[in-house]
Amino acid sequence: MSTNTSELASKDFAQQCINSLADIKRSMPKTWKTAIQPYKDEIATTSKENGLNTTDALLTIINKLNTDKLELSILKIKHLFFLAAYCDML
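Residues numbered from 1 in each chain as written. Predicted model: local features only at pLDDT ≥ 70, side-chain atom pairs only at ≥ 80, totals over all residues. Heavy atoms only, no water.

Chemist: Any chance you could explain the packing of aromatic side chains here in plain terms?
Modeler: Counted under the stated rule, the structure contains three aromatic pairs. Centroid distance Tyr39 to Phe82: 4.9 Å. Interplanar angle 90 degrees. Geometry classified as edge-to-face. Placement of the pair is Tyr39 in helix α3 (residues 32-50) and Phe82 in helix α5 (residues 72-89), with a sequence separation of 43 residues. Each member of the pair, Tyr39 together with Phe82, is buried. Three or more aromatic residues joined by ring pairs make a cluster, and in this case those are Tyr39, Phe81 and Phe82. Geometry around Trp32 places Lys25 over its ring, the cationic atom sitting 4.6 Å from the centre. (Phe/Tyr/Trp six-rings, centres within 6.5 Å; stacked < 30°, edge-to-face > 60°. Helix = DSSP H or I, 4+ residues; strand = E, 2+ residues; numbered from the N terminus. Buried < 20%, exposed > 50% of the residue type's maximum accessible area, 1.4 Å probe, protein only. Lys NZ or Arg CZ within 6 Å of the ring centre and 35° of its normal.)

Spelled out as structure tokens, the structure:
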């Protein structure tokens, strides 16, 4: 799964977040909270530093990730964890 700005603006964004969190909970049943905490921290920090709500902070982070020179597999994993963290923050 990869996320771009238009997908975040679409109505299935919530479903993507829910699915991401569910996938992480299934694959890491005992450690999922610890695994997503750094991502939650980054969303919260971006939100606070830029005066954004958490949704806009996530969008800012995703946009930056999409322009970084990352391998596709790493980008997909980062998207998964950021979406899961965002869902858990709600």
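Having seen it, we continue.
Chemist: For this particular structure, what's the right way to read α5?
Modeler: Given 3.6 residues per turn, any residue in an α-helix points the same way as the ones three and four places further on. Taking 1.5 Å of rise per residue, the 18 residues of α5 would be expected to cover 26 Å, and the 26 Å separating its terminal C-alpha atoms lies within 8% of that figure. Residues Leu75, His79, Phe81, Phe82, Leu83, Ala84, Ala85, Tyr86 and Cys87 constitute the buried set of α5. (Expected span 1.5 Å × (residues − 1).)

Chemist: Explain the confidence of the model for the protein chain here, please?
Modeler: Low pLDDT means the predicted coordinates in that region are not meant to be read closely. Overall, the prediction assigns the protein chain a mean pLDDT of 90, with 88% of residues at 70 or greater. Taken element by element, the protein chain is modelled with least confidence in helix α1 (residues 5-9), mean pLDDT 58, and with most confidence in α3, mean pLDDT 97. (pLDDT = per-residue confidence, 0-100.)

Chemist: Would you mind going over the nonpolar core with me for this structure?
Modeler: As a rule of thumb, soluble globular proteins bury nonpolar side chains together. Core analysis: the largest hydrophobic core is formed by 22 residues, its most contacted members being Ile36, Ile43, Leu58 and Phe82. Those elements that provide at least two residues to this core are α2 (13-27), α3, α4 (54-67) and α5. For Leu58, the residues in contact, after removing those within four places along its chain, are Phe13, Ile43, Phe82, Leu83 and Tyr86. (Core = buried A, V, L, I, M, F, W, Y, C linked by side-chain atoms within 4.5 Å. Contact = heavy atoms within 4.5 Å.)

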